[in-house]
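If you want the building blocks of each chain, they are given just below.
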Amino acid sequence: MGVFEVIFDISYLVLVLSFGLVLLVQNNKNAIIFAWMEIILGIGDSFHLLPRIISYLSPQGFGGHLWALSWGKMVTSVTMTFFYLLYYFYYRRVSGDYDKRKMYILISLALMRIGLSLMPQNGWGSGEESYAFAIYRNIPFALMGLMLIVWSYKNKSLPELKAMWILISLSFIFYLPVVLFADRYPLVGALMILKTLAYLFIVIRGLRTYMPKFTRKNLLDISFSSLVMGLGLGAFYREFTKFYNFTGPGHLSKVHPHILILGFVFSLFLYLISKGYGLASIKKLGGNIKIYLTGLYLSLISMLAIGLWEVVGSLNSNYLRAFQAIGGLGHIIIAFAMVRIVLLLIKNDQEREAHNELSYKEA
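None of these values were measured; they are calculated from a predicted model.

Undergrad: Hey, could you go over the overall build of the chain for me, with residue numbers and the actual values?
TA: If you tally the helices and strands in the chain, you get 11 helices and zero strands. N-terminal to C-terminal, the α/β element order of the chain is α-α-α-α-α-α-α-α-α-α-α. For 363 residues, the compact-globule formula gives about 21 Å, and the C-alpha radius of gyration of the chain, at 23 Å, lands near that figure. In terms of overall dimensions, the chain has C-alpha extents of about 85 × 55 × 30 Å along its principal axes. The long-range share in the chain, meaning contacts at least 24 apart out of those at least 6 apart in sequence, stands at 77%.

Undergrad: Break down the confidence of the model for the chain for me, citing the residues and quoting the values.
TA: Model confidence for the chain is summarised by a mean pLDDT of 90, while 95% of its residues fall at 70 or above. Confidence, expressed as mean pLDDT per element, reaches its minimum in the chain at helix H11 (residues 317-362) with 80 and its maximum at helix H4 (residues 100-118) with 96.

Undergrad: So what about the environment of Phe34? Which residues, and what values?
TA: Within the fold, Phe34 resides in helix H2 (residues 29-57). For Phe34, a relative accessible area of 1% gives the class buried. Spatially, the C-alpha atom of Phe34 lies 19 Å from that of Ser226, the residues being 192 residues apart in sequence. Beyond its immediate stretch of four places on either side in the chain, Phe34 contacts Leu23, Tyr90, Met164, Ile202, Val203 and Gly206.

Undergrad: Describe the nonpolar core, naming the residues involved and giving the relevant values.
TA: Counting residues in hydrophobic clusters, the biggest one holds 92 residues, and the most contacted among them are Ile10, Leu57, Tyr84, Tyr87, Tyr90, Ile289 and Tyr292. Per-element accounting of this core gives the leading share, 17 residues, to helix H10 (residues 279-312). Other than its neighbours up to four places away in sequence, Ile289 contacts Phe214, Leu219, Ile222, Leu270 and Ile341.

Undergrad: How would you sum up helix H1 (residues 2-24)? Please name residues and give values.
TA: Over its 23 residues, H1 extends 33 Å from the first C-alpha to the last, a length consistent with the 33 Å expected when each residue adds 1.5 Å. For H1, the tally of buried residues reaches 17 of 23 residues, placing the bulk of the element in the interior.

Undergrad: Describe the packing of aromatic side chains, with residues and values.
TA: Per the counting criterion, the structure on display carries 23 aromatic pairs. Ring geometry for Tyr88 and Phe89: centres 5.3 Å apart, planes at 65°, overall edge-to-face. Residue class for Phe89 comes out partly exposed when judged on its relative accessible area of 27%. A centroid spacing of 5.9 Å and a plane angle of 85° characterise the contact between Phe141 and Tyr175, whose relative ring orientation is edge-to-face. On the criterion of sequence distance, the pair formed by Phe141 in helix H5 (residues 131-154) and Tyr175 in helix H6 (residues 164-181) is long-range, its members being 34 residues apart. As far as burial versus exposure is concerned, Phe141 and Tyr175 are alike and both buried.

Undergrad: Could you give me a rundown of the layout of surface pockets, with the residues and numbers involved?
TA: Its boundaries defined by the atoms lining it, the largest pocket holds a volume of some 1200 Å³. Considering the residues around the largest pocket, the lining is formed by 41 residues, among which His48, Arg52, Lys73, Val178 and Ala182 are closest to the centre. Every element with two or more residues in the lining of the largest pocket is listed here: H1, H2, helix H3 (66-95), H5, H6 and helix H7 (191-210). For the lining of the largest pocket, the element with the most residues is H3, which contributes seven residues. For the lining of the largest pocket, a count of residues per class yields 21 nonpolar, nine polar and 11 charged. Space inside the second largest pocket adds up to approximately 1000 Å³. Lining the second largest pocket are 30 residues, with Ile43, Ser46, Phe47, Leu50 and Phe236 positioned closest to its centre. Those elements that provide at least two residues to the lining of the second largest pocket are H1, H2, H3, helix H8 (217-243) and H10. Of the residues contributing to the lining of the second largest pocket, the split by class is 25 nonpolar, five polar and no charged.

Each value, and the rule that gives it
- Residues numbered from 1 in each chain as written.
- Predicted model: local features only at pLDDT ≥ 70, side-chain atom pairs only at ≥ 80, totals over all residues.
- Heavy atoms only, no water.
- Helix = DSSP H or I, 4+ residues; strand = E, 2+ residues; numbered from the N terminus.
- Rg over C-alpha atoms; globule rule 2.2 N^0.38 Å.
- Contact = heavy atoms within 4.5 Å.
- pLDDT = per-residue confidence, 0-100.
- Buried < 20%, exposed > 50% of the residue type's maximum accessible area, 1.4 Å probe, protein only.
- Core = buried A, V, L, I, M, F, W, Y, C linked by side-chain atoms within 4.5 Å.
- Expected span 1.5 Å × (residues − 1).
- Phe/Tyr/Trp six-rings, centres within 6.5 Å; stacked < 30°, edge-to-face > 60°.
- 1 Å grid on protein atoms, 1.4 Å probe; cavity = no way out; pocket = protein on both sides within 12 Å on 5 of 7 lines; lining within 4 Å.
- Points joined across faces, edges and corners; volume = space filled by probe spheres on them.
- Nonpolar A, V, L, I, M, F, W, Y, C, P; charged D, E, K, R; others polar.

See below:
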């Protein structure tokens, strides 16, 4: 379970943040709102998921990280509220439902939820969080969710809201039993993975809505996303290793140069040289880029997992072999995609030269 959750959590954070950054530079106000939903979701969840990842990889386990786990849950409680509040404003724009009463109700419930989450009676950081306040702070949150589900269902025919009511329903169906029963029955906590999957499908739904097909501009979007992710992971590496007084070499130091070169530089290079390519060629390039990004993400997930372990301490051989296998698979996929991309570029150049030569002869 531990190795699976580490891989899953890192994958989720990388995908949510990178997809959010890609949507952020779309020429569509609705897409930008959705992008901020995703970015806030990813940043907020990292405060909860990163301590869980570290707990699995370190010899102290969960008992040695209760403070970080608890405060991370508090941050996530607040950011999840902002996520759904932003979703309401997204729903409001795409549906044209500008009923001010609905807006005031949602904002009031969100403020109640945030206020209850910040109260000291929650016992954040103490290791003995209040079960009663866990119920109290989730009552306005559940009401928010219920209203958004009903409103989204009534407008489910809109392409921007397609399936959103189902995914929001699933997120709450998997989340609320954890709040109510996880303390008594720890296995119920596994439902959080399913809740996280529901969030991931919401993110994917937004990406498919606003980027339904691959265009040449998407290479610039990927380049921008990779640049921000690379710079952000570089800052994370510096601060994370400083916090743990880690000065040795490790995989974590390789993450940001990999994503800057293989993500930012490579995508920008393809954007510059693909000018003038026809729609059919761009479509083929897009298919290969998806394969390439799959390999890149797998490689980054492997480096992040091994790099975190090298900093925080202890990992059994089964964990290490699993992470290395993911990294090896990622590198194989990258190599395969690169060969296909280069062959495609060569073919396009040959066709353009043949076309130019034919035009010259006809002239």
